[in-house]
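If you want the building blocks of each chain, they are given just below.
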Amino acid sequence: MGSGQTVTVFGAYGHTGRFVVAELRDRGFVPVLSGRDAGKLAALAESFPGVDVRPASVDDPASLDQALAGAAAVINSAGPFAATAAPVIEAALRAGIPYVDVAAEIEANADTFAHFTERARAAGAVVVPAMAFFGGLGDLLATAAMGDWSAADEVHVAYALSNWHPTEGTRVSGTVSRERRDGRRVRFTNGKLEYHQDALPSLKWTFPEPMGVRPVIGEFSMADVVTIPSHLTVPEVRSYMTVEAVEDLSAPDTPAPAAADEHGRSDQTFLVDVVVRSGGAERRATASGRDIYAISAPLAVEAVRRILAGQTRTTGVASAGEIFDAADFLRALSAHLSFEVRQ
């Protein structure tokens, strides 16, 4: 449990940030609500009596320092992360505390590795990007599936979502990413990120029963193409998304997610199926649960808990699969998702 440790949540009033704040409280941590909109922070604080509210802006380092003062860690849930990740990481380094974010933006995560790896390692700091449904969960599953393999030929990550009602933050972050890559698509092949304008392939993926064979869009790259190869020796990372979810995401009039239970989760369900291949051998790990935004909260909060408890394998900038015991981490989330490895 959190034992009363204070954790600043930057972007606390956002859709995912609210889940993070609630999860911290449930786990015994004391959240500090932060973000640039003081009015939204005050409104959120009404649901969490007694919490500390500290408005801050990424273009005001002093305000970020104040937001992180006395905190044991910071969770950044404010997108677009192309704008927020670097300033909040800088503030965390000044404060000497761990940084965790829930970024799904490929370029923002790549920037974190590129710009902060050496500095964070030299400082003995811990920076964990993409500790969320996209990026973190796939990486944990791929690492668990690898087991004792030191390398593999391919990692395939297939997502089956019952629907995808994107948040405003998802739409804004997607726009920023498309602008950064000039409308091109991205994939990880031949050991590197490759930008292209090829049409995405349509194919079928055989998910575990009872889901079975489903039509998917191939090369639907998410943050996994950054996190997985950051520490696993694998030249190909390929990802897939069920057609229905892609259609929901692409439609401009798809509504935002709506609460369907007392925890604020939507009725969306997910299954993530990861296949690792080496030579003629194949290993598989799967996880299933509810609400891709809500699940990011226990992922991020469990990461913070383990970092503060010293249950880590390295320092510096590291993805979930590198810094944590992947299988043990996933088993710890049994209240939120089902997890299975087949080797």
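Nothing here was measured: the structure is a model prediction, and the numbers come from that model.

*Asks:* Describe the packing of helix 1 (residues 15-26) against helix 10 (residues 296-308), with residues and values.
*Replies:* Contact geometry of helix 1 with helix 10 gives a least axis separation of 8 Å together with a crossing angle of 50°. Taken together, the axes of helix 1 and helix 10 lie oblique to each other. In this structure, the crossing between helix 1 and helix 10 has a hand that is right-handed. For the pair formed by helix 1 and helix 10, the contact residues are Thr16, Phe19, Val20, Glu23 and Leu24 on the first element and Ser296, Ala297, Pro298 and Val301 on the second. Across the contact of helix 1 with helix 10, the residue classes break down as 6 nonpolar, 2 polar and 1 charged.

*Asks:* Please set out the nonpolar core residue by residue, giving values where relevant.
*Replies:* Counting residues in hydrophobic clusters, the biggest one holds 105 residues, and the most contacted among them are Met131, Phe133, Leu137 and Trp164. For Phe133, the residues in contact, after removing those within four places along its chain, are Gly138, Tyr159, Leu161, Phe270, Val272, Ile292, Ile295, Ser296 and Leu299. Listed in part, the 8 residues of the second largest apolar core include Ala160, Trp205, Tyr240 and Leu271.

*Asks:* Provide a residue-level description of unusual backbone geometry, including the pertinent values.
*Replies:* Note the cis peptide between Gly79 and Pro80, where omega equals -5°. Turning to its location among the elements, Pro80 is positioned in the loop between strand 4 (73-76) and helix 4 (81-95). Geometrically, the link from Glu209 to Pro210 is a cis peptide bond, its omega value of 10° lying close to zero. Locating Pro210 in the fold gives a position in the loop between strand 10 (202-206) and strand 11 (213-218). With a phi close to 55°, Ala130 is a non-glycine residue in the positive phi region. Relative to the elements of secondary structure, Ala130 occurs in the loop between strand 6 (126-128) and helix 6 (133-146).

*Asks:* Go over the sheet that holds strand 3 (residues 52-55), please, and point to the residues and values.
*Replies:* Here 7 strands make up an open sheet; going across it, the order is 3-2-1-4-5-6-15 and the pairing parallel. Each end of this open sheet is capped by a strand with a single partner; those strands are strand 3 and strand 15 (316-317). Helix 10 rests against strand 1 (6-10), strand 4, strand 5 (99-101) and strand 6 of the sheet, and its axis sits at about 160° to strand 4.

*Asks:* An account of the packing of helix 4 against helix 5 (residues 106-123) is requested, with residue identities and associated values reported.
*Replies:* Packing of helix 4 against helix 5 leaves a shortest axis separation of 10 Å and a crossing angle of 20°. When the interaxial angle is binned, helix 4 and helix 5 end up roughly parallel. As for the relative orientation of helix 4 and helix 5, their crossing is right-handed in sense. Of the residues in helix 5, those touching helix 4 at Phe81, Ala82, Ala85, Ala86, Ile89, Glu90 and Leu93 are Ala108, Thr112, Phe116, Arg119 and Ala120.

*Asks:* Report on the pattern of salt bridges, specifying residues and quantitative values.
*Replies:* Under the definition given, this model contains 24 salt bridges. Linking Asp261 and Arg265 is a salt bridge whose minimum nitrogen-to-oxygen distance equals 2.7 Å. Linking Arg306 and Glu302 is a salt bridge whose minimum nitrogen-to-oxygen distance equals 2.6 Å. Here the residue Arg306 and the residue Glu302 both occupy positions in helix 10, the gap between them amounting to 4 residues, near one helical turn. Assigned by exposure class, Arg306 and Glu302 land together as buried. Look at the salt bridges and you will find they share partners, linking Glu23, Arg27, Glu302, Arg305, Arg306 and Asp328 into a network.

*Asks:* Just give me the short version of the environment of Arg313, but keep the residues and values in it.
*Replies:* Within the element layout of this structure, Arg313 appears in the loop between helix 10 and strand 15. For the pair Arg313 and Asp325, spaced 12 residues apart in sequence, the C-alpha to C-alpha distance is 7.9 Å. Apart from the residues lying within four places of it in its own chain, the contact partners of Arg313 are Glu322, Ile323, Phe324 and Asp325.

*Asks:* How would you summarise the packing of aromatic side chains if you had to cite specific residues and measurements?
*Replies:* Two descriptors summarise a pair of aromatic rings, namely the distance from one centre to the other and the angle between the planes of the rings. In this structure the tally under the stated criterion is 9 aromatic pairs. On the basis of an interplanar angle of 65° and a centroid distance of 6.4 Å, the ring pair of Trp164 and Phe220 is categorised as edge-to-face. One end of the pair, Trp164, is in the loop between strand 7 (154-161) and helix 7 (168-180); the other, Phe220, is in the loop between strand 11 and helix 8 (224-227), with 56 residues separating them in the sequence. The exposure class of Trp164 is buried, given its relative accessible area of 3%. By way of ring pairs, the aromatic residues Phe133, Phe134, Tyr159, Trp164, Phe220 and Phe270 are connected into one cluster.

*Asks:* Outline helix 4, listing residues and values.
*Replies:* With 15 residues, helix 4 should cover 21 Å at 1.5 Å per step; its first-to-last C-alpha distance of 20 Å lies within 8% of that length. Of the positions making up helix 4, those classed as buried are Phe81, Thr84, Ala85, Val88, Ile89, Ala91 and Ala92. Taken down its axis, helix 4 places every buried residue within 165° of arc, on the same side. Here the buried face of helix 4 lies against strand 1, helix 3 (61-68), strand 4, strand 5, helix 5 and strand 6. Just downstream of helix 4, Gly96 is the residue with a positive phi angle, here 70°.

Calculation rules
Residues numbered from 1 in each chain as written. Predicted model: local features only at pLDDT ≥ 70, side-chain atom pairs only at ≥ 80, totals over all residues. Heavy atoms only, no water. Axes fitted to C-alpha atoms, helices over the stretch in contact; angles between N-to-C directions. Helix = DSSP H or I, 4+ residues; strand = E, 2+ residues; numbered from the N terminus. Parallel < 35°, antiparallel > 145°, perpendicular 65-115°, else oblique. Left-handed = near helix turned anticlockwise from the far one by under 90°. Contact = heavy atoms within 4.5 Å. Nonpolar A, V, L, I, M, F, W, Y, C, P; charged D, E, K, R; others polar. Core = buried A, V, L, I, M, F, W, Y, C linked by side-chain atoms within 4.5 Å. Buried < 20%, exposed > 50% of the residue type's maximum accessible area, 1.4 Å probe, protein only. Pairing = 2+ DSSP bridges. Salt bridge = Lys/Arg side-chain N within 4 Å of Asp/Glu carboxyl O. Phe/Tyr/Trp six-rings, centres within 6.5 Å; stacked < 30°, edge-to-face > 60°. Expected span 1.5 Å × (residues − 1). Arc of directions from axis to C-beta.

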